[in-house]
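The chain contents come next:
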Amino acid sequence: MYLDETLILREIDVDSKAEVLEVMARNLVNKGFVKESYIEAVIEREKNYATGLPTKGYSVAIPHTDIEHVNKKAISVGILKNTVDFGIMGEESATTPVKLVFMLAMEQAHSQLELLQKLMQIFQDEDTLQFLANEDSKAKVKNLLNAKLKTQ
Amino acid sequence: MKKQILVACGAGIATSTIVNLALEKMCKENGIDANLIQCKITEVPSYEDTADLLVTTTIVQKEYSFPVINARAFLTGIGQEEVEAKILEELKK
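Residues numbered from 1 in each chain as written. Chains lettered and ligands numbered in written order. Predicted model: local features only at pLDDT ≥ 70, side-chain atom pairs only at ≥ 80, totals over all residues. Heavy atoms only, no water.

- The name an unreviewed UniProt entry assigns to chain B is Protein-N-phosphohistidine-sugar phosphotransferase, from the organism Jeotgalibacillus soli.

- Per an unreviewed UniProt entry, chain A goes by PTS EIIA type-2 domain-containing protein and derives from Jeotgalibacillus soli.

Here you go:
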């Protein structure tokens, strides 16, 4: 799964989840990882199937959508200046204030198991979430994530 | 009889993959012979007649004849033991 510094967006200053999704998806479009259609698709998907996850630390969200909108698999990380509310996965209307957004561009169904598992391990690790939310250096964020998400 | 468990999420690609693996492991450890089917939530109705249990990370708007268990705990670790116990209880019925 591809992750570089250009896919790490810090201090995203938005008021709604639709805005943060648009900013992050647009960046993936500009870099060629996803098709233009991904933007609308990921926003629509989030409306119907919320991806916000409360953790023991900062809440996270893992927006993603169907594989047909993706050119090349990648993960983009968005760190919000101020939290925005995302619907909680599997809940009717409850929301959670999200600080960290992990946008997934996946090109194959049922793939990336190992990477997804490692991502979930990060969500269960308060110290790592704390670091990601507050670290100024994109290089350090990238290095930590690449180390944590490294698959064999 | 072999239990049929549906593992569903919105896209059928990300979170159901995680839950599927966790369930595989859980069934193995508890000696349960189950047939796990990973799918999109919109595909669930086609298993209406055969499924014994639906484990999902998304909202379920329809009523089904089988029990539905929310599996977000497998992603965040919060409350995971309780959810595992609930699933095991259903499978042992």
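Having seen the structure, we can now continue with the description.
## Topic: the packing of helix α3 (residues 113-123) of chain A against helix α1 (residues 15-29) of chain B
Here is step 1: In the contact formed by α3 of chain A and α1 of chain B, the axes pass within 9 Å of each other and the chain directions differ by 90°. What the angle tells us is that α3 of chain A and α1 of chain B run roughly perpendicular. Residues Leu113, Leu116, Gln117 and Met120 of chain A of α3 of chain A lie in contact with α1 of chain B, whose contacting residues are Thr17, Ile18 and Leu21 of chain B. (Axes fitted to C-alpha atoms, helices over the stretch in contact; angles between N-to-C directions. Helix = DSSP H or I, 4+ residues; strand = E, 2+ residues; numbered from the N terminus. Parallel < 35°, antiparallel > 145°, perpendicular 65-115°, else oblique. Contact = heavy atoms within 4.5 Å.)

## Remarks on the side chain of Thr57 of chain B
Here is step 1: Inspection of the secondary structure puts Thr57 of chain B in the loop between β3 (53-56) and β4 (68-70).
Here is step 2: Relative accessible area serves as the criterion here: at 1%, Thr57 of chain B is assigned to the buried category.
Here is step 3: Side-chain polar atoms of Thr57 of chain B contact the side chain of Thr15 of chain B, separated by 2.9 Å.
Here is step 4: When neighbours within four sequence positions are excluded, Thr57 of chain B is seen to be in contact with Met89 and Gly90 of chain A together with Ala8, Cys9, Thr15, Val19, Ala71, Arg72 and Leu75 of chain B. (Buried < 20%, exposed > 50% of the residue type's maximum accessible area, 1.4 Å probe, protein only. Polar contact = N/O pair within 3.5 Å; in protein donor to acceptor, adjacent residues only side chain to side chain.)

## With respect to the sheet that holds strand β2 (residues 34-40) of chain B
Residue and element names in this part refer to chain B.
Here is step 1: Pairing in this open sheet of four strands is parallel, and the strands run β2-β1-β3-β4 from one edge to the other. The open sheet has two free edges, formed respectively by β2 and β4, since each of these has just one partner strand. Direction aside, the axes of adjacent strands within the sheet are offset by 25° on average.
Here is step 2: Note: strand β1 (residues 3-9) against β2, seven bridges, orientation parallel. Note that in β2 the partner of Leu6 across the bridge is Ile37.
Here is step 3: Packed onto the sheet, α1 meets β1, β2 and β3 and runs at close to 155° relative to β1.
Here is step 4: Helix-sheet contacts for helix α3 (residues 80-91) involve β1, β3 and β4, and the interaxial angle to β4 is about 165°. (Pairing = 2+ DSSP bridges.)

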